[in-house]
Protein chains: 2
Amino acid sequence: MEIVEVGPRDGLQNEKNVLPASVKIAYVERAVAAGLRRIEVAAFARPDRVPQMADAEEVLRGVPRDTGVRYAALVLNGRGLDRALALGESRPDEINYVVVATDEFSRRNQGMSTAGSLAAFRSVACRARDAGFFVTLTVAAAFGCPFTGVVSASRVRDIVAEAGPLDEICLADTIGVGVPVQVTELAAAVRSVEPAAPLRAHFHNTRNTGYANAVAAVGAGFVALDASLGGIGGCPFAPAATGNIATEDLAYLLNRSALETGVDVTVAAATGTWIGERLGLAAVPAQLGRAGDFLAASGTAS
Amino acid sequence: MEIVEVGPRDGLQNEKNVLPASVKIAYVERAVAAGLRRIEVAAFARPDRVPQMADAEEVLRGVPRDTGVRYAALVLNGRGLDRALALGESRPDEINYVVVATDEFSRRNQGMSTAGSLAAFRSVACRARDAGFFVTLTVAAAFGCPFTGVVSASRVRDIVAEAGPLDEICLADTIGVGVPVQVTELAAAVRSVEPAAPLRAHFHNTRNTGYANAVAAVGAGFVALDASLGGIGGCPFAPAATGNIATEDLAYLLNRSALETGVDVTVAAATGTWIGERLGLAAVPAQLGRAGDFLAASGTAS
């Protein structure tokens, strides 16, 4: 099972404490050392809107290459794609674009309707694919909207049907309201219109359903799961939300379920604690750094 | 799906801040108001060993009756059963006895081997059943032991096979190390020797696997799940452990999965916050009190 490390982007994005690029690069280096091989490291957003991502270019120039790691960056529009392309050899391997599932949330977040955002995506995606990027479309708020409530599976299906060609579909529970049965329903709905595209899921643990949803996603055939070291990250539209599901806790669960992730949970947990300290957090949402890896602690081999 | 509220017993048991019986009774009253109909309210233990449970009789005399609620109490031995019987009309409806799955943990916890504890259980259970109590056997550390590591499903199976007649089997992840595949394996192992007894599960969220395990338990045919309002409770043998899975968060997950629990998540979440304040906790592990019930907040009917 593939874990996509999103801490350097989604984890940090809404943290008020803006970290220097050197710390972000060290965070990525530690993620690589923990065994992560796919990392979302930056967003090409307006620096005045997302100050934490203002140094996207510097981060992408500084992360380790030739390690077999694929780097992803969030792109909001054509200008963001221009910035990614301008990086030349330091450009990301993957482009991720977000469409918000409801018009109300989409307007507040992106200043346009879902349909408008989808139209923009098709244009960006076409250029990105021509330029050789792997292109992911994330459907945000696919499990529920903070303004309009439950999102139907048919709504998500229709969005995906309108997306045009893409390399991967990511269904995101942006505000952490989803439950496992929705994971299964949404997977079936998306597959009814896009049977071939690999599915990736993005869960927040806001109401303690994130890890149960991750297990449901494995069962529903998703091949990749987003997570952040330390479980950092929040959503400005869900102020009390805790962060993404934590990479170390997810890896503990999957590794012990015969779904090897390649992630060393001990190194990952230490990195989760480390990034929490860099951010000045009293504690990170991840539990493994406090509880310890059961097998390592008990000295049992299997 | 039935949620067994264990906050007044397992949730409080290891809290250093000993609450007066009046607060414990108020806790139970609030649990009843939240819709819980099966509540573990006390342990008949030695007051010098478990000071928080010293007022077991006073609590059992004070909790509301004639509300359709069944009360359970933990009994450690024949003397504990004598105390339960001496309560007369205020006695609990159910007796719960714990056998620890590994000899090492059992000796440290109960001063005897697993086999010795099982022998004691058979004697207590026989008397308890004759006296009309519903009898549950909990196999503690069924998912792993802090001293000897992984516990095999065959070990748990053999313990259940030796238990003699009982009304329910509860499999407990006492130190919070379990993963969903173990839930399924253990259910099959136990059913191979006790096909008829209802299964109940007890999870701690120490490594963020508790809610995923609960969903797996539903899938494996367990009919009851332990949880504590606020998610309070720890284990003295797992010092960094967080508590039981939280009643409000579990009810949110199950209610939204068409597995109606009868629990009002808003009332439950308020009670979780309330008991945390009584205990002087900065925050409870439950998330719903902070995040809010998605459906109530968004005003969507379904």
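This structure is a prediction, so every number in the text was calculated from the model and none was measured.

A few words now on the overall build of chain A. Counting its regular elements, chain A contains 13 helices and eight strands. Relative to the globule expectation of 19 Å for 302 residues, the C-alpha radius of gyration of chain A, 18 Å, shows essentially globular dimensions. Along the longest, intermediate and shortest principal axes, the C-alpha atoms of chain A span 55 × 40 × 35 Å. Taken over 302 residues, chain A has a buried fraction of 60%. In chain A, which carries 27 positive and 32 negative side-chain charges, the distance between the mean positions of the two groups comes to 5 Å.

Counted under the stated rule, the structure contains eight aromatic pairs over all chains. Here Y97 of chain A and F121 of chain A contribute two aromatic rings whose centre-to-centre distance is 5.3 Å and whose plane-to-plane angle is 45 degrees, an arrangement assigned as tilted. In this pair, Y97 of chain A sits in strand β4 (residues 94-100) while F121 of chain A sits in helix α6 (residues 114-130), placing the two residues 24 residues apart along the sequence. Of the residues examined, F121 of chain A reaches a relative accessible area of 0% and is grouped as buried. Here R91 of chain B stacks its cationic end above the ring of F133 of chain B, 4.0 Å away from the centre of that ring.

On to the layout of surface pockets. If a probe the size of a water molecule is rolled over the atoms, the empty space left behind becomes visible. Residue and element names in this part refer to chain B. Looking at the second largest pocket, its volume works out to about 1100 Å³. Along its surface, the second largest pocket is lined by 44 residues, and Q13, V50, L74, L76 and N109 are the ones closest to its centre. Of all the secondary structure elements, the ones that give two or more residues to the lining of the second largest pocket are α1 (7-13), β2 (38-44), α4 (78-86), β4 (94-100), α5 (103-110), β5 (134-140) and β6 (168-173). Each residue belonging to the lining of the second largest pocket can be placed in one class, and the counts come to 18 nonpolar, 15 polar and 11 charged.

Right, let's get into unusual backbone geometry. Phi angles above zero are rare outside glycine, and N208 of chain A is one such case at about 65 degrees. Inspection of the secondary structure puts N208 of chain A in the loop between β7 (199-203) and α9 (210-219). Of note in the backbone geometry, D66 of chain B takes a positive phi value of approximately 60 degrees without being a glycine. By secondary structure assignment, the location of D66 of chain B is in the loop between α3 (56-62) and β3 (70-75).

Inspection of the secondary structure puts A283 of chain B in the loop between α11 (265-278) and α12 (288-291). Placed 11 residues apart in sequence, A283 of chain B and G272 of chain B show a C-alpha to C-alpha distance of 9.7 Å.

Here the two chain copies are tied together by a rotation about an axis and a shift along that axis. Screw-axis analysis of chain B against chain A gives a translation of 0.0 Å along the axis, an RMSD of 0.0 Å, and a rotation angle of 180 degrees. This pairing of chains is accounted for by a two-fold axis. Within chain B, A212 of chain B has its C-alpha nearest the rotation axis, a separation of 1.9 Å. Comparing interface residues between copies, 100% of those in chain B also lie at the interface in chain A; the contact surface is shared.

Moving on to the environment of R79 of chain B. Examined against the element boundaries, R79 of chain B turns out to sit in helix α4. Through-space distance from the C-alpha of R79 of chain B to that of A45 of chain B is 8.9 Å; in sequence the pair is 34 residues apart.

All names here are of chain B. Here R9 shows up in helix α1. Taking the relative accessible area as the measure of exposure, R9 reaches 7% and is therefore buried. For R9, the residues in contact, after removing those within four places along its chain, are E40, V41, A42, A43, M53 and L74.

Taken residue by residue, the interface counts 39 residues in chain B and 39 residues in chain A. A buried area of about 3000 Å², summed over both sides, lies between chain B and chain A, and 60% of it is on carbon and sulfur atoms. The largest per-residue losses of area from chain B upon contact with chain A belong to R207, N208 and F294 of chain B, which jointly make up 23% of the total buried on that side. Summed over the shared surface of chain B and chain A, the number is zero salt bridges. At the boundary of chain B and chain A, one finds 14 residue pairs in polar contact (both at pLDDT 80 or more). Per-class residue counts for the side of chain B that touches chain A are 19 nonpolar, 16 polar and four charged.

Below, the discussion takes up the packing of helix α7 (residues 153-161) of chain B against helix α8 (residues 180-193) of chain B. All names here are of chain B. Relative orientation of the contacting elements α7 and α8 amounts to 35 degrees, with a least axis distance of 8 Å. Every pair of crossing elements has a handedness; the one defined by α7 and α8 is right-handed. Within the contact between the two elements, α7 uses A153, V156, R157, V160 and A161 and α8 uses E185, L186, A189, V190, S192 and V193. Here the residues of the contact of α7 with α8 sort into eight nonpolar, one polar and two charged.

With that settled, the discussion passes to the pattern of salt bridges. Residue and element names in this part refer to chain A. This model, assessed by the stated rule, comprises 32 salt bridges over all chains. Here E104 ties to R108 by a salt bridge, and the two come within 2.9 Å at their closest N and O atoms. Of this pair, E104 and R108 both sit in helix α5 (residues 103-110), four residues apart, roughly one helical turn. The class for E104 is partly exposed, based on a relative accessible area of 31%.

All names here are of chain B. Where burial is concerned, most of strand β7 (residues 199-203) is hidden: five out of the five residues are buried. Of the two faces of β7, the one carrying L199, A201 and F203 and the one carrying R200 and H202 are both buried. Pairing analysis gives five bridges linking β6 to β7, with the strands arranged parallel. In the sheet register, D173 faces β7, and the bridge partner there is F203. In this region the chain leaves β6, passes through α8 and returns to the parallel neighbour β7; the handedness of that crossover is right-handed. Pairing of β7 with strand β8 (residues 224-227), which is carried by two bridges, proceeds in the parallel orientation. Across the sheet, residue R200 finds its bridge partner in β8, namely A224. In this region the chain leaves β7, passes through helix α9 (residues 210-219) and returns to the parallel neighbour β8; the handedness of that crossover is right-handed.

The rules behind the values
Every residue gets a number counted from 1 within its own chain, in the order that chain's sequence is written. Labels are handed out in written order, letters beginning with A for the chains and numbers beginning with 1 for the ligands. Local features in this predicted model are restricted to residues of pLDDT 70 or higher, and side-chain atom pairs are both shown and tallied only at a pLDDT of 80 or more, whereas totals for entire chains, interfaces and linings draw on every residue. Heavy atoms throughout the structure, all of them, feed into the side-chain values; hydrogens and water do not. Strands here mean DSSP runs of E at least two residues long; helices mean DSSP runs of H or I at least four residues long; both are numbered from the N terminus. Just to be clear, the radius of gyration here is over C-alpha atoms, and the globule rule we use is 2.2 Å times residues to the power 0.38. Accessible area is worked out with a 1.4 Å probe on protein chains only. A residue is then buried under 20% of its type maximum, exposed over 50%, and partly exposed in between. Positive charges come from Lys and Arg, negative ones from Asp and Glu, while His and the chain ends are left out of the count. Note on charges: their place is set at NZ of Lys, CZ of Arg, CG of Asp or CD of Glu. A pair of aromatic rings is counted whenever rings of Phe, Tyr or Trp (Trp by its six-membered ring) have centres within 6.5 Å, and the orientation is called stacked for planes under 30 degrees apart, edge-to-face for over 60 and tilted otherwise. Note on geometry: a ring has a charge over it if NZ (lysine) or CZ (arginine) is within 6 Å of the ring centre and within 35 degrees of the ring normal. Grid spacing is 1 Å over the protein atoms alone, the probe is 1.4 Å, and a cavity is where that probe fits but cannot get out, while a pocket is an open set with protein on both sides within 12 Å along at least five of seven lines and lining residues have an atom within 4 Å of a point. Grid points are joined across faces, edges and corners, and a volume is the space filled by probe spheres set on the points. For this scheme, ten residues count as nonpolar: Ala, Val, Leu, Ile, Met, Phe, Trp, Tyr, Cys and Pro. Four count as charged, namely Asp, Glu, Lys and Arg, and the remainder, Gly too, count as polar. The atoms used to superpose the copies are C-alpha atoms, taken from residues with pLDDT of at least 70 in both, and the fit is least squares. Any pair of residues with heavy atoms lying within 4.5 Å of one another is described as a contacting pair. The term buried area means the drop in 1.4 Å probe accessible area that two parts suffer when joined, counted for both and summed. We define a salt bridge as a contact between a side-chain nitrogen of Lys or Arg and a carboxyl oxygen of Asp or Glu at a distance within 4 Å. We call two N or O atoms a polar contact when they sit within 3.5 Å, provided that within protein one can donate a hydrogen and the other can accept it, with sequence-adjacent residues counted only if both atoms are side-chain atoms. Note on method: axes are straight lines fitted to C-alpha atoms, helices fitted across the in-contact stretch only, with angles between N-to-C directions ranging 0 to 180 degrees. In this scheme the crossing of two helices becomes right-handed for a clockwise turn of the near helix relative to the far one and left-handed for an anticlockwise turn of less than a right angle. Here, strands pair whenever DSSP counts at least two bridges between them. Looking down the strands as they point away from the viewer, one classifies a crossover as right-handed if the path from the first strand across the helix to the second runs clockwise.

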